[in-house]
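Report on the structure
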Amino acid sequence: MRRADRLFQIIQVLRRTRKPLTADAIAAELETSKRTIYRDITTLIEQRVPIRGEAGVGYILEKGFDLPPLMLTPDEIEACVLGAQWVVGHADPALARAAQDLMAKVAETVPERLRPFVLEPASRARSAWNREPDRIDMVRTRAQIHEGKKITLNYRDEHGRGSQRTIWPIAVGYHEAVRILAAWCELRKDFRSFRTDRVVDAVYHDEKYPERRDILRAKWRRSLVWEAPKDT
């Protein structure tokens, strides 16, 4: 790997994490020596890249730092197209259209020699199979998640029993055939997951839920609420 490429890769590695990374960890990923990483980080700092840390403790890239647009590598293009293909086949229509637009933009952006990686990729995601239709406005639901606002669902469980739930929506999980809405349920006072194809109707409130969204999401991650929809 050329030194210029390695310097860029060090920045990319640091951008992926919020926790300090040791020179050992960076060296292992880039398949080089720890001494080389120390020299490269010193060079980056001298070039005013805002890296903080020290040997033995680890390094972190300060927030707000960015690089000018750089050309995508063939693997990055392949990853982008593969992910977009999956979204086209499994997400709601708005996200599917966005994924198609993304692939078109990538095809227009990359040079001619890289265009086959978009138009004729070596990898392909499976198309949707027996996908259950969403019975909730997914665009508006995602907006409520971003804004931290409540939703009231009229919901039927797998046995057809109905209930009304006011929830604090956290995230949407896109499974092979169904979508799952993870949320804090005011009725059960716990995290619950709801299949979007079992929603009868939904009311979107302007009221924000009282918990800070980042704290609520951290609690939810620890609960592993994705594992199976809980309808009780």
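Residues numbered from 1 in each chain as written. Predicted model: local features only at pLDDT ≥ 70, side-chain atom pairs only at ≥ 80, totals over all residues. Heavy atoms only, no water.

The name given to the chain in an unreviewed UniProt entry is DNA-binding transcriptional regulator YafY, and the organism recorded there is Bradyrhizobium algeriense.

1. Remarks on helix α4 (residues 74-90)
We apply this condition: For helices the rule is a DSSP run of H or I covering at least 4 residues; for strands it is a run of E covering at least 2, with both sets numbered from the N terminus onward. To estimate how far a helix should reach, multiply one less than its number of residues by 1.5 Å. Each residue's exposure class comes from its accessible area (1.4 Å probe, protein chains only) as a fraction of the maximum for that residue type: buried when under 20%, exposed when over 50%, partly exposed otherwise. The contact criterion used is simple: two residues touch if any of their non-hydrogen atoms lie within 4.5 Å.
With 17 residues, α4 extends 24 Å from end C-alpha to end C-alpha; this agrees with the ideal 24 Å at 1.5 Å per step. When α4 is considered as a whole, its buried residues turn out to be Ile77, Glu78, Val81, Ala84, Gln85, Gly89 and His90. Of the surrounding secondary structure, the elements contacted by the buried residues of α4 are α5 (93-109), α6 (116-119), β4 (162-174) and β5 (179-185).

2. Quick notes on the environment of Arg217
Looking at the element boundaries, Arg217 is found in helix α8 (residues 213-223). Those residues in contact with Arg217 that sit more than four places away from it in its chain are Ile145, Ile170 and Ala171.

3. Focus on the pairing of β5
Stated formally: Note on pairing: two strands pair once DSSP finds at least 2 bridges between them.
Counting buried residues in β5 gives six out of seven residues, a clear majority hidden from the surface. Here β4 pairs with β5 via seven bridges, running antiparallel. Directly across from Pro169, in β5, lies its bridge partner Ala183. Hairpin connection between β4 and β5: a loop of four residues separates the two successive antiparallel strands. Strand direction decides the pairing type here: β5 and strand β6 (residues 190-195), joined by six bridges, are antiparallel. Counterpart to Ala182 in the pairing with β6 is Ser193. Counting the residues that bridge the hairpin from β5 to β6 gives four residues, and of these Lys189 lies at a positive phi of roughly 50°.

4. Some words on the UniProt feature "domain: Helix-turn-helix type" (unreviewed entry) in the chain
The test is simple: UniProt positions are given in the numbering used here, feature names are shortened, and annotations may be inferred rather than shown by experiment.
Here, the residues flagged by UniProt with the feature "domain: Helix-turn-helix type" (unreviewed entry) are residues 6-60. For residues 6-60, the end-to-end C-alpha separation is 17 Å, with 56% helix and 13% strand making up the annotated structure.

5. Structural notes on the sheet that holds strand β3 (residues 149-156)
For clarity, the threshold we go by: Here an axis means a line fitted to C-alpha atoms, over the contact stretch when the element is a helix, while the angle between two N-to-C directions is reported on a 0 to 180 degree scale.
With antiparallel pairing, five strands are arranged side by side in an open sheet as β6-β5-β4-β3-β7. Two strands lie at the open edges of the sheet, namely β6 and β7 (199-208), each paired on one side alone. Averaged over all adjacent pairs, the angle separating strand axes in this sheet is 40°, with direction ignored. The pairing of β3 with β7 spans six bridges and is classified as antiparallel. Considered in β7, the bridge of Lys149 is made with Lys208. Strand contacts of helix α7 (residues 138-147): β3, β4, β5 and β7, with the helix running at about 80° to β4, the strand carrying the most contacts.

6. Overview of the packing of helix α2 (residues 23-30) against helix α3 (residues 34-46)
The condition is simple: When an angle is under 35 degrees it counts as roughly parallel; over 145 it counts as roughly antiparallel; between 65 and 115 it counts as roughly perpendicular; any other value is oblique. Gly is placed with the polar residues, together with every amino acid not listed as nonpolar (Ala, Val, Leu, Ile, Met, Phe, Trp, Tyr, Cys and Pro) or charged (Asp, Glu, Lys and Arg).
Contact pair α2 / α3: the axes reach a minimum separation of 8 Å and the direction vectors enclose 105°. Judged by the inter-axis angle, α2 sits roughly perpendicular to α3. Across from Ala23, Asp24, Ile26, Ala27 and Leu30 in α2, the residues of α3 making contact are Lys34, Ile37, Tyr38 and Ile41. When its residues are assigned to classes, the contact of α2 with α3 shows seven nonpolar, no polar and two charged.

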